[in-house]
Amino acid sequence: MQSLNKTNNNFKSKIISAFLLLLASVVWGAAFVAQSVAGESVGTFSFNGIRFLIGGLCMLPLLPRKSRLSDEDSMSSENVIGATKNSGFKMGQIKGGILCGLALFFASTCQQAGIAAGASAGEAGFITAFYIILVPVLGLFLGKKCSKLVALAVAIAITGLYFLCFDSFGELVSSGIKVLSFADIMLLGCAFLFSIQILGVDHYAPKMNPVVLSCAQFFTTGIISLICGIFFELIPDPVGWFAALSSFKAWIPILYTGIFSSAVGYTLQVVGQRNLNPAVASLIMSMESVFSTIFGWLILKQMMSGRKLLGCGLVFAAILLAQFPTRSRVAAIKKNKQQK
């Protein structure tokens, strides 16, 4: 009976984690528009530096203060944010946040550079979403197995993203012909580096307080980005740099991506990945492409054709398929019922 309850609780935890990652993809989908607007005026390094530092500052009040908590209070905090009892603010664990932050720095730099270089929304969404293929492939080298059901879900999701991001096969072919353009190279690098970041979070999230991990990676990414912004954007063109950041229009996307996309979205990712296979997690997070299309329709009044609706439906179906109980889990439930 106890084993059956444990199995059911694990399944419920996975569903909750999947829902948290789905919320993160909603936030990131809306942020796609904000990043495009910011890329027209603010430099890549400056934009990322400011927004991730804002994200880190938003997380500071939520950092655990174990010296002020009894063991009972600490355990009640665990129920709220999913932290383990021994996952407080320890310098030894900051290493995980720094390593994830380095991966996030390179990934976000490549993404923003690709968008600023003029990649279309279709190209950016499709190429970036390649991490749903790279994560399970790279995970194999780390001993993380991927079920046939998840592999099928990934194939369906890629098909859905094709319908979502491209209006015709000819458009896909023409994009492939110029795949060596600077924008596409940056986005391919972004997909690979986000795969590294997802696997890094998968490794450290169960061992660390999610707020500590998020805060550490935000400050790592923000500080490195801002230093690069000073040398590559401020010093070469101080007048243009100050002019771009003095615009009210530039601060709307900066604040949105700093508070929501960074502080909220990436923290949801850290908490959500604690109970999920990284391949399944990356599949759910690819919904950001679907939500970016939906927000473009709602906010920017962009058309939602039948082809795009089909793409959205396929990606969503793939995510549902990945959540189905595997044969081993069904066998375990049946065995526990028989023992009961």
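For the structure given in this document, a descriptive report is provided here. (Residues numbered from 1 in each chain as written. Predicted model: local features only at pLDDT ≥ 70, side-chain atom pairs only at ≥ 80, totals over all residues. Heavy atoms only, no water.)

The subject of this paragraph is the packing of aromatic side chains. All told, the structure shown has 9 aromatic pairs when counted by the stated rule. Ring geometry for F45 against F232: centres 5.9 Å apart, planes inclined by 35 degrees, an arrangement best described as tilted. One end of the pair, F45, is in helix α2 (residues 44-59); the other, F232, is in helix α10 (residues 210-234), with 187 residues separating them in the sequence. Ring centres 5.0 Å apart and planes at 90 degrees place the aromatic pair W241 and F242 in the edge-to-face group. The class of W241 is buried, set by a relative accessible area of 19%. Three or more aromatic residues link up through ring pairs in this structure, and these residues are W28, F52, F218 and Y266. (Phe/Tyr/Trp six-rings, centres within 6.5 Å; stacked < 30°, edge-to-face > 60°. Helix = DSSP H or I, 4+ residues; strand = E, 2+ residues; numbered from the N terminus. Buried < 20%, exposed > 50% of the residue type's maximum accessible area, 1.4 Å probe, protein only.)

Let us now look at a nonpolar patch on the surface. Among the surface-exposed residues, I223, I227, I230, F231, F232 and I235 lie close enough to one another that they form a single nonpolar patch of about 620 Å² accessible area. Overall, F232 belongs to the exposed group, its relative accessible area being 59%. (Patch = residues over 30% accessible without salt bridge, like charges linked within 9 Å, V, L, I, M, F, W, Y side chains within 5 Å. Areas by Shrake-Rupley, 256 points an atom, 1.4 Å probe, with all protein chains shown as cover. Salt bridge = Lys/Arg side-chain N within 4 Å of Asp/Glu carboxyl O.)

Now for the nonpolar core. The biggest cluster of nonpolar side chains holds 61 residues, and the ones touching the most others in it are I132 and L283. Examining the composition of this core, we find that 8 residues originate from one element, helix α9 (residues 182-204), more than from any other. With residues near it in sequence (within four places) discarded, L283 still touches I132, A153, V154, A157, A318, I319 and A322. Residues A38, I50, I54 and L234 belong to the second largest nonpolar core, which totals 11 residues. (Core = buried A, V, L, I, M, F, W, Y, C linked by side-chain atoms within 4.5 Å. Contact = heavy atoms within 4.5 Å.)

In this section: the side chain of E233. You can see E233 is positioned in helix α10. Buried within the structure, E233 lacks any salt-bridge partner; its nearest side chain of opposite charge belongs to R51, at an N-O separation of 12 Å. At a separation of 3.0 Å, a polar atom in the side chain of E233 contacts the main-chain amide nitrogen of F45. Contact partners of E233, with chain neighbours within four places excluded, come to G43, T44, F45, S46, C228 and W241. (Lys, Arg positive; Asp, Glu negative; His and termini not counted. Polar contact = N/O pair within 3.5 Å; in protein donor to acceptor, adjacent residues only side chain to side chain.)

The next subject is the environment of E40. You can see E40 is positioned in the loop between α1 (2-39) and α2. Spatially, the C-alpha atom of E40 lies 9.0 Å from that of A250, the residues being 210 residues apart in sequence.

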